[in-house]
Amino acid sequence: MTTTSPPTPPRTTRVAARTVALTRTFGAADSAVTALDAVDVSIDAGRFTAIMGPSGSGKSTLMHCLAGLETPTSGRVLIGDTDLTALSDKALTLLRRERIGFVFQSFNLLPMLTARQNIELPLSLAGRRTDPDLMAHLTTTLGIEDRLDHRPGELSGGQQQRVAVARALVGEPDVIFADEPTGALDSQSSAQLLALLRSSVHELGQTVVMVTHDPRAASWADRVLLLADGVVAGELADPTEDSVLAAMKGLGE
Ligand SMILES: Nc1ncnc2c1ncn2[C@@H]1O[C@H](COP(=O)(O)OP(=O)(O)OP(=O)(O)O)[C@@H](O)[C@H]1O
Ligand SMILES: [Mg+2]
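Just so it is clear, the model here is predicted, and its values are computed rather than measured. The residue count restarts for each chain, going from 1 along the sequence in the order it is written. Each chain takes a letter, starting from A, and each ligand takes a number, starting from 1, following the order in which they are written. Under the rules for a predicted model, residues below a pLDDT of 70 receive no local features and side-chain atom pairs below 80 are neither given nor counted, while totals for whole chains, interfaces and linings still include all residues. Side-chain figures throughout are based on the complete set of non-hydrogen atoms in the structure, without hydrogens or water.

### As for the pattern of salt bridges
We count it as follows: Salt bridges are defined as contacts in which a side-chain nitrogen from Lys or Arg sits within 4 Å of a carboxyl oxygen from Asp or Glu. Buried means the residue's accessible area, taken with a 1.4 Å probe over protein chains only, is under 20% of the maximum for its type, while exposed means over 50%, and partly exposed covers the values in between.
One pass over the structure, following the stated rule, counts 7 salt bridges. The residue Asp 83 makes a salt bridge to Arg 76 at a minimum N-O spacing of 3.2 Å. You can call Asp 83 buried: its relative accessible area is 16%. Overall, Arg 76 belongs to the partly exposed group, its relative accessible area being 36%.

Structure below.
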(Lines give C-alpha, C1' and ligand atoms only; values in the text may rest on other atoms or scores of the structure.)
(Ligands and ions follow the chains in the order given, each with its own letter.)
Protein backbone atom coordinates (compact mmCIF):
# COMPACT_ATOMS: atom_id res chain seq x y z
CA MET A 1 0.00 0.00 0.00
CA THR A 2 1.32 3.42 -0.85
CA THR A 3 0.69 6.42 1.30
CA THR A 4 0.86 10.00 0.17
CA SER A 5 1.63 12.71 2.64
CA PRO A 6 -0.71 15.70 2.65
CA PRO A 7 0.51 18.66 0.62
CA THR A 8 2.41 21.30 2.54
CA PRO A 9 0.15 24.33 2.93
CA PRO A 10 1.45 27.45 1.18
CA ARG A 11 3.36 29.78 3.43
CA THR A 12 1.29 32.90 3.48
CA THR A 13 2.60 34.59 6.59
CA ARG A 14 6.08 35.99 6.99
CA VAL A 15 7.75 35.80 10.37
CA ALA A 16 8.97 39.13 11.73
CA ALA A 17 10.67 37.74 14.83
CA ARG A 18 11.14 34.37 16.41
CA THR A 19 12.79 32.68 19.36
CA VAL A 20 14.13 29.14 19.46
CA ALA A 21 14.53 27.56 22.90
CA LEU A 22 15.18 31.00 24.35
CA THR A 23 16.35 30.81 27.94
CA ARG A 24 17.34 33.79 30.06
CA THR A 25 18.47 33.46 33.63
CA PHE A 26 19.57 36.17 36.00
CA GLY A 27 21.96 35.93 38.94
CA ALA A 28 24.52 33.40 40.10
CA ALA A 29 23.85 29.67 40.00
CA ASP A 30 22.73 29.23 43.61
CA SER A 31 20.27 32.12 43.45
CA ALA A 32 19.49 32.11 39.71
CA VAL A 33 16.10 33.26 38.47
CA THR A 34 14.89 31.70 35.22
CA ALA A 35 13.00 34.56 33.58
CA LEU A 36 12.48 32.62 30.32
CA ASP A 37 12.65 28.84 30.06
CA ALA A 38 13.19 27.45 26.52
CA VAL A 39 10.62 29.72 24.91
CA ASP A 40 9.65 29.18 21.26
CA VAL A 41 7.56 32.01 19.88
CA SER A 42 6.95 33.23 16.39
CA ILE A 43 5.69 36.73 15.66
CA ASP A 44 3.91 37.11 12.32
CA ALA A 45 4.91 40.07 10.18
CA GLY A 46 2.25 42.68 9.54
CA ARG A 47 0.23 41.65 12.56
CA PHE A 48 -0.47 43.13 15.98
CA THR A 49 0.52 40.72 18.78
CA ALA A 50 -0.13 41.32 22.48
CA ILE A 51 1.85 39.61 25.22
CA MET A 52 0.13 39.15 28.57
CA GLY A 53 0.87 37.37 31.79
CA PRO A 54 1.32 37.93 35.52
CA SER A 55 3.96 40.31 36.87
CA GLY A 56 7.33 38.60 36.76
CA SER A 57 6.28 36.09 34.09
CA GLY A 58 9.06 37.26 31.75
CA LYS A 59 7.23 39.63 29.38
CA SER A 60 9.80 42.45 29.47
CA THR A 61 12.69 39.99 29.31
CA LEU A 62 11.15 38.39 26.20
CA MET A 63 10.70 41.79 24.54
CA HIS A 64 14.27 42.83 25.38
CA CYS A 65 15.66 39.59 23.96
CA LEU A 66 13.50 39.82 20.81
CA ALA A 67 14.73 43.37 20.22
CA GLY A 68 18.38 42.50 20.78
CA LEU A 69 18.60 44.62 23.92
CA GLU A 70 19.42 41.66 26.14
CA THR A 71 21.56 38.61 25.36
CA PRO A 72 19.97 35.18 25.78
CA THR A 73 21.59 32.76 28.22
CA SER A 74 20.92 30.08 25.60
CA GLY A 75 18.78 29.63 22.53
CA ARG A 76 18.34 31.89 19.55
CA VAL A 77 16.50 35.05 18.53
CA LEU A 78 15.80 35.93 14.92
CA ILE A 79 14.54 39.16 13.38
CA GLY A 80 13.32 38.13 9.96
CA ASP A 81 16.02 35.73 8.80
CA THR A 82 18.79 37.34 10.83
CA ASP A 83 20.04 35.45 13.88
CA LEU A 84 20.74 38.17 16.45
CA THR A 85 22.83 35.84 18.57
CA ALA A 86 25.32 35.50 15.69
CA LEU A 87 25.80 39.24 15.14
CA SER A 88 28.67 41.41 16.33
CA ASP A 89 27.77 44.24 18.71
CA LYS A 90 28.15 46.72 15.88
CA ALA A 91 25.92 44.79 13.47
CA LEU A 92 23.34 44.34 16.21
CA THR A 93 23.31 48.07 16.95
CA LEU A 94 22.81 48.83 13.25
CA LEU A 95 20.00 46.30 12.90
CA ARG A 96 18.26 47.73 15.97
CA ARG A 97 18.61 51.26 14.61
CA GLU A 98 17.32 50.39 11.15
CA ARG A 99 14.58 47.90 11.85
CA ILE A 100 13.36 48.06 15.44
CA GLY A 101 11.44 50.58 17.49
CA PHE A 102 11.20 50.04 21.24
CA VAL A 103 8.94 51.63 23.84
CA PHE A 104 10.38 50.87 27.28
CA GLN A 105 8.18 50.13 30.26
CA SER A 106 10.11 52.90 32.07
CA PHE A 107 10.13 55.24 28.99
CA ASN A 108 13.97 55.75 29.09
CA LEU A 109 13.88 59.36 27.88
CA LEU A 110 17.07 61.40 28.22
CA PRO A 111 16.37 64.05 30.87
CA MET A 112 18.57 66.80 29.39
CA LEU A 113 16.94 66.67 25.96
CA THR A 114 13.58 68.15 24.99
CA ALA A 115 10.74 65.89 23.90
CA ARG A 116 11.46 66.72 20.24
CA GLN A 117 15.17 65.97 20.65
CA ASN A 118 14.34 62.68 22.37
CA ILE A 119 12.03 61.68 19.52
CA GLU A 120 14.61 62.59 16.87
CA LEU A 121 17.69 61.20 18.62
CA PRO A 122 17.67 57.63 17.22
CA LEU A 123 17.26 58.97 13.69
CA SER A 124 20.01 61.54 14.05
CA LEU A 125 22.33 58.87 15.50
CA ALA A 126 21.60 56.87 12.35
CA GLY A 127 22.37 59.92 10.19
CA ARG A 128 18.75 60.10 9.03
CA ARG A 129 16.46 63.10 8.81
CA THR A 130 13.08 63.22 10.50
CA ASP A 131 10.14 63.30 8.09
CA PRO A 132 8.33 66.47 9.24
CA ASP A 133 4.93 65.23 8.05
CA LEU A 134 5.29 61.98 9.98
CA MET A 135 6.55 63.87 13.04
CA ALA A 136 3.50 66.16 12.88
CA HIS A 137 1.13 63.24 12.34
CA LEU A 138 2.51 61.23 15.26
CA THR A 139 2.74 64.06 17.76
CA THR A 140 -0.74 65.38 16.89
CA THR A 141 -2.33 61.93 17.03
CA LEU A 142 -0.63 61.35 20.38
CA GLY A 143 -1.63 64.82 21.64
CA ILE A 144 1.89 65.96 22.52
CA GLU A 145 2.42 68.50 19.73
CA ASP A 146 2.44 71.42 22.18
CA ARG A 147 4.85 69.72 24.62
CA LEU A 148 7.75 69.16 22.23
CA ASP A 149 10.00 71.91 23.61
CA HIS A 150 9.74 70.63 27.19
CA ARG A 151 12.16 68.29 28.92
CA PRO A 152 10.86 64.98 30.34
CA GLY A 153 10.98 66.37 33.88
CA GLU A 154 8.39 68.96 32.83
CA LEU A 155 6.02 66.35 31.39
CA SER A 156 3.47 64.10 33.07
CA GLY A 157 4.06 60.35 33.07
CA GLY A 158 1.47 59.88 30.34
CA GLN A 159 3.06 62.60 28.20
CA GLN A 160 6.50 61.02 28.64
CA GLN A 161 5.04 57.68 27.60
CA ARG A 162 3.60 59.20 24.43
CA VAL A 163 6.97 60.84 23.63
CA ALA A 164 8.55 57.39 23.97
CA VAL A 165 5.96 55.99 21.54
CA ALA A 166 6.63 58.77 19.00
CA ARG A 167 10.36 58.05 19.29
CA ALA A 168 9.76 54.37 18.50
CA LEU A 169 7.53 55.10 15.49
CA VAL A 170 9.22 58.07 13.81
CA GLY A 171 11.90 55.96 12.14
CA GLU A 172 9.22 53.76 10.52
CA PRO A 173 10.81 50.53 11.81
CA ASP A 174 9.74 47.09 10.55
CA VAL A 175 9.01 45.90 14.07
CA ILE A 176 7.75 47.95 17.01
CA PHE A 177 8.05 46.52 20.51
CA ALA A 178 6.00 48.39 23.10
CA ASP A 179 6.23 47.38 26.77
CA GLU A 180 2.99 48.45 28.45
CA PRO A 181 2.67 51.57 26.28
CA THR A 182 -0.70 52.50 27.81
CA GLY A 183 0.34 51.92 31.43
CA ALA A 184 0.37 55.63 32.30
CA LEU A 185 -2.52 56.72 30.05
CA ASP A 186 -6.20 57.49 30.64
CA SER A 187 -8.74 55.57 28.59
CA GLN A 188 -9.05 58.22 25.86
CA SER A 189 -5.29 58.58 25.33
CA SER A 190 -4.99 54.79 25.45
CA ALA A 191 -7.56 54.40 22.69
CA GLN A 192 -5.77 57.00 20.52
CA LEU A 193 -2.43 55.25 21.03
CA LEU A 194 -3.89 51.80 20.31
CA ALA A 195 -5.58 53.09 17.16
CA LEU A 196 -2.22 54.50 16.05
CA LEU A 197 -0.48 51.15 16.64
CA ARG A 198 -3.28 49.36 14.84
CA SER A 199 -3.04 51.64 11.83
CA SER A 200 0.74 51.11 11.78
CA VAL A 201 -0.03 47.44 11.31
CA HIS A 202 -3.07 47.49 9.07
CA GLU A 203 -2.26 50.52 6.92
CA LEU A 204 1.54 50.65 6.92
CA GLY A 205 2.22 46.90 7.24
CA GLN A 206 4.46 47.24 10.27
CA THR A 207 4.65 44.56 12.95
CA VAL A 208 3.68 45.50 16.51
CA VAL A 209 4.36 43.49 19.66
CA MET A 210 2.82 45.00 22.78
CA VAL A 211 2.94 43.93 26.40
CA THR A 212 -0.16 44.87 28.35
CA HIS A 213 -2.01 44.00 31.54
CA ASP A 214 -5.23 45.49 30.20
CA PRO A 215 -7.71 43.11 28.51
CA ARG A 216 -9.30 46.02 26.66
CA ALA A 217 -5.92 47.07 25.21
CA ALA A 218 -5.18 43.44 24.27
CA SER A 219 -8.48 43.23 22.37
CA TRP A 220 -7.01 45.64 19.77
CA ALA A 221 -4.45 42.98 18.83
CA ASP A 222 -4.81 40.20 16.25
CA ARG A 223 -3.37 37.64 18.62
CA VAL A 224 -2.52 37.34 22.32
CA LEU A 225 0.37 35.28 23.65
CA LEU A 226 0.11 34.33 27.30
CA LEU A 227 3.23 33.91 29.43
CA ALA A 228 3.40 32.36 32.88
CA ASP A 229 6.53 31.61 34.88
CA GLY A 230 8.81 32.08 31.89
CA VAL A 231 6.97 29.77 29.50
CA VAL A 232 4.26 30.28 26.89
CA ALA A 233 1.05 29.23 28.61
CA GLY A 234 -1.35 29.72 25.72
CA GLU A 235 -2.55 32.00 22.98
CA LEU A 236 -5.72 33.56 21.65
CA ALA A 237 -6.61 34.51 18.08
CA ASP A 238 -8.83 37.53 17.44
CA PRO A 239 -9.09 38.34 21.15
CA THR A 240 -12.01 40.12 22.72
CA GLU A 241 -12.02 41.75 26.14
CA ASP A 242 -14.07 38.79 27.47
CA SER A 243 -11.92 36.06 25.93
CA VAL A 244 -8.78 37.75 27.28
CA LEU A 245 -10.30 38.07 30.77
CA ALA A 246 -11.26 34.40 30.73
CA ALA A 247 -7.79 33.35 29.58
CA MET A 248 -6.14 35.44 32.29
CA LYS A 249 -8.40 33.91 34.93
CA GLY A 250 -7.19 30.55 33.67
CA LEU A 251 -3.64 31.67 34.47
CA GLY A 252 -4.70 32.53 38.00
CA GLU A 253 -4.46 36.30 37.57
N1 LIG B 1 18.11 42.52 35.52
C2 LIG B 1 17.55 41.56 36.27
N3 LIG B 1 18.22 41.00 37.29
C4 LIG B 1 17.68 40.01 38.04
N5 LIG B 1 16.45 39.51 37.83
C6 LIG B 1 15.73 40.02 36.84
C7 LIG B 1 16.23 41.08 36.00
N8 LIG B 1 15.28 41.38 35.08
C9 LIG B 1 14.24 40.57 35.33
N10 LIG B 1 14.50 39.76 36.38
C11 LIG B 1 13.61 38.71 36.93
O12 LIG B 1 13.11 37.94 35.84
C13 LIG B 1 11.73 37.66 36.02
C14 LIG B 1 10.94 38.20 34.84
O15 LIG B 1 11.00 39.62 34.85
P16 LIG B 1 10.29 40.53 33.77
O17 LIG B 1 10.70 41.94 34.04
O18 LIG B 1 10.59 39.98 32.43
O19 LIG B 1 8.76 40.30 34.12
P20 LIG B 1 7.44 41.00 33.52
O21 LIG B 1 6.54 39.90 33.08
O22 LIG B 1 7.82 42.04 32.54
O23 LIG B 1 6.81 41.67 34.83
P24 LIG B 1 5.96 43.05 35.01
O25 LIG B 1 4.56 42.74 34.54
O26 LIG B 1 6.01 43.30 36.47
O27 LIG B 1 6.64 44.13 34.21
C28 LIG B 1 11.35 38.25 37.36
O29 LIG B 1 11.43 37.24 38.34
C30 LIG B 1 12.39 39.31 37.60
O31 LIG B 1 12.60 39.52 38.96
MG1 LIG C 1 7.67 44.09 32.50
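### Here's the deal with the site of ligand 1
What counts is decided by this rule: Only heavy atoms are used to decide nearness, and a residue is near a molecule or strand if one of them lies within 4 Å of it. N or O atoms within 3.5 Å of each other form a polar contact, as long as, within protein, one can give a hydrogen and the other can take it, and as long as residues adjacent in sequence are counted only when both atoms are side-chain atoms. Per-residue and other accessible areas were derived by the Shrake-Rupley procedure at a 1.4 Å probe size, with only the shown protein chains allowed to occlude residues. A run of DSSP states H or I qualifies as a helix once it reaches four residues; a run of E qualifies as a strand once it reaches two. Both are numbered from the N-terminal end. Amino acid classes used here: Ala, Val, Leu, Ile, Met, Phe, Trp, Tyr, Cys and Pro are nonpolar; Asp, Glu, Lys and Arg are charged; the rest, including Gly, are polar.
Neighbouring ligand 1 are 14 residues, the closest being Ser 55, Gly 56, Lys 59, Ser 60 and Thr 61. Ser 57 has a polar backbone atom sitting 3.2 Å from an oxygen atom of ligand 1. In the complex, the protein chains occlude 62% of the 630 Å² of accessible area that ligand 1 would expose alone. Contributions of two or more residues to the shell around ligand 1 are made by strand 2 (33-44) and helix 1 (59-66). It is helix 1 that contributes the most residues to the shell around ligand 1, 3 residues altogether. For the shell around ligand 1, the class distribution of residues is 4 nonpolar, 8 polar and 2 charged.

### Notes on the pairing of strand 10 (residues 231-237)
The test is simple: A strand pair is defined by DSSP finding two or more bridges across the two strands.
Across 6 bridges, strand 9 (residues 223-228) lies against strand 10 in antiparallel orientation. Of the residues in strand 10, the one forming a bridge with Leu 225 is Glu 235. The loop that links strand 9 with its antiparallel partner strand 10 comprises 2 residues; one of these, Asp 229, has a positive phi angle of about 50°.

### Points about helix 3 (residues 115-125)
We count it as follows: To obtain the arc, one takes the directions from the helix axis to the C-beta atoms.
Among the residues making up helix 3, those that are buried are Ala 115, Asn 118, Ile 119 and Leu 123. Buried positions in helix 3, seen along its axis, are confined to an arc of 140° and lie on one side of it. At the C-terminal side of helix 3, Gly 127 shows a positive phi close to 70°.

### Looking at the coordination of the magnesium ion (ligand 2)
Reference geometry at the metal: tetrahedral coordination by four donors gives ideal angles of 109.5 degrees; octahedral coordination by six donors gives 90 or 180 degrees. What counts here: Each metal's donors are the N, O and S atoms within 2.8 Å of it, or within 3.2 Å when it is Na, K or Ca, and because water is not part of the set, sites may look incomplete.
Summarising the metal site, the magnesium ion (ligand 2) is bound by the protein donors Ser 60 (OG) and Gln 105 (OE1), whose distances to it range over 2.0 to 2.4 Å. Here Gln 105 lies in the loop between strand 6 (100-103) and helix 3 and Ser 60 lies in helix 1, a separation of 45 residues in the sequence. Among the residues examined, Ser 60 registers a relative accessible area of 19% and is labelled buried.

### Focus: the packing of helix 3 against helix 5 (residues 157-169)
The geometry of a pair of packed helices is captured by two quantities: the angle between their axes and the separation between those axes. Spelled out, the test is: Fitting a line to C-alpha atoms yields each axis, with helices limited to the stretch in contact; the angle taken between N-to-C directions then spans 0 to 180 degrees. The labels follow the angle: roughly parallel below 35 degrees, roughly antiparallel above 145, roughly perpendicular from 65 to 115, and oblique for the rest. Handedness of a crossing is defined here by the sense of rotation of the near helix relative to the far one, left-handed for an anticlockwise turn of less than a right angle and right-handed for a clockwise turn. Residue contacts are counted whenever heavy atoms from the two residues lie within 4.5 Å of one another.
Taken N-terminus to C-terminus, the directions of helix 3 and helix 5 make an angle of 30°; their axes are 7 Å apart at the nearest point. Classed by the angle they form, the pair helix 3 and helix 5 counts as roughly parallel. Relative to helix 5, the crossing made by helix 3 is right-handed. Every residue of helix 5 that contacts helix 3 at Ala 115, Asn 118, Ile 119 and Pro 122 is listed here: Val 163, Ala 166 and Arg 167. Residues that form the contact of helix 3 with helix 5 fall into these classes: 5 nonpolar, 1 polar and 1 charged.

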